[in-house]
Amino acid sequence: MSLKVESVSCSFSGLNVLSDINLELENKGFLVVLGPSGCGKSTLLKLISGLITPNRGKIVLDGEDITGKPGMVSYMHQEDLLLPWLNILDNAALPLFIRGEKKTSARQKARELLADFGLAGFEQYYPGQLSGGMRQRVSLLRSYLYRNDILLLDEPFGALDAITREKMQDWLLDVFSSLSAAVLLVTHDVDEAILLADKIIVLSPRPARIREVFDVPFGRPRSRDVLLSSEYLKLKRSLWASLTH
Ligand SMILES: Nc1ncnc2c1ncn2[C@@H]1O[C@H](COP(=O)(O)OP(=O)(O)OP(=O)(O)O)[C@@H](O)[C@H]1O
């Protein structure tokens with residue numbers, strides 16, 4: 001799998017939001033796009049997922065131009081968009097139903113991943129009966145079932161309380177090692193970026209340009225302990241400087 005964003009610019013009725021963005025995501029990579037609030041991070045993911053089209057540039061997936069073509073990548077929004085009247089299993093399997101897969105086999109595929117996503121034993125529950133963290137894991141499972149090689153995540157833990165957010169980051173770190181997906185995650189949280197990423201792209205305030213690209217010097221498997229190291233502090237200082245200069 002190879003995803004390329006090539007010289008993409010985007011504006012909304014005269015408001016320049018993204019300016020000449022280039023990035024590349026490859027197999028099993030974990031790329032974090034870090035930028036100030038309102039700079040255009042969600043717009044970037046909407047462009048990649050084909051929900052909107054850029055004014056200039058293109059999106060290329062495995063050599064194919066997918067600019068403006070929805071449905072080619074998995075895209076998880078900030079809010080979980082679970083259907084309250086479907087149980088967890090059917091919420092997760094929904095994209096497979098829509099794709100025309102038989103209900104029994106779609107449910108079986110979802111069931112096989114429930115344990116990895118920390119949802120074993122909850123398949124008959126409804127979204128309203130779950131915690132915020134569990135609902136986000138159902139959303140992630142649904143995105144992963146839709147396309148298991150590439151996941152776009154828009155501030156996936158932004159709406160969670162601090163403790164749940166940390167738990168979810170730890171869980172994502174752990175599960176990422178066992179999944180075969182490449183992840184592109186956007187956030188404005190510097191610690192989250194360092195903890196999760198292999199590479200961090202820092203965007204400027206709107207109109208967002210790529211200000212700097214940082215390699216994260218921590219291997220995998222990785223744990224929260226990296227946040228106590230001197231390399232972490234050094235990287236955090238550089239990221240802050242890049243975000244605020
Ligand atoms: N469809 C649209 N029409 C007009 N303006 C839009 C549209 N979508 C986004 N914008 C504007 O583009 C800018 C960037 O929005 P975007 O949601 O991409 O930022 P963001 O970095 O994801 O913000 P946050 O960190 O707060 O989620 C904002 O000023 C927003 O008002």
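For the protein, an unreviewed UniProt entry supplies the name ABC transporter ATP-binding protein and the organism Rarispira pelagica.

*Asks:* Go over the sheet that holds strand β7 (residues 150-154) with me, naming the residues and quoting the values.
*Replies:* Pairing is mixed in the open sheet, where six strands are placed in the order β6-β7-β8-β3-β9-β10. Whereas interior strands pair on both sides, the edge strands pair on one side only; in this sheet they are β6 (74-76) and β10 (210-215). Looking at each pair of strands side by side, their axes are set apart by 15° on average, direction ignored. Bridge count for β6 against β7 is three bridges, and the pairing is parallel. Within β7, the residue paired with Tyr 75 across the bridge is Leu 152. This element, helix α7 (residues 230-244), spans β3 (30-34), β9 (199-203) and β10 of the sheet and lies at about 170° to β10.

*Asks:* Before we move on, can you summarise helix α2 (residues 88-98) with the specific residues and values?
*Replies:* If you check which residues of α2 are buried, you get Ile 88, Leu 89, Asn 91, Ala 92, Ala 93 and Leu 96. Looking at the buried side of α2, the elements it contacts are α3 (103-113) and α4 (132-146). Gly 100 occupies a position one or two residues after α2 and carries a positive phi of about 100°.

*Asks:* Could you give an account of the site of the ligand, naming the residues involved and the relevant values?
*Replies:* Of all residues adjacent to the ligand, which total 13 residues, the nearest are Phe 12, Ser 37, Lys 41, Ser 42 and Thr 43. Sorting the residues of the shell around the ligand by element identifies β2 (15-26) and α1 (41-48) as the ones contributing at least two each. For the shell around the ligand, the leading source of residues is α1, giving three residues. Of the residues in the shell around the ligand, the class split is four nonpolar, seven polar and two charged.

Procedures and definitions
- Residues numbered from 1 in each chain as written.
- Predicted model: local features only at pLDDT ≥ 70, side-chain atom pairs only at ≥ 80, totals over all residues.
- Pairing = 2+ DSSP bridges.
- Helix = DSSP H or I, 4+ residues; strand = E, 2+ residues; numbered from the N terminus.
- Axes fitted to C-alpha atoms, helices over the stretch in contact; angles between N-to-C directions.
- Contact = placed C-beta atoms within 7 Å.
- Buried ≥ 20, exposed ≤ 12 C-beta atoms within 10 Å, placed from the backbone.
- Near = placed C-beta within 6 Å.
- Nonpolar A, V, L, I, M, F, W, Y, C, P; charged D, E, K, R; others polar.

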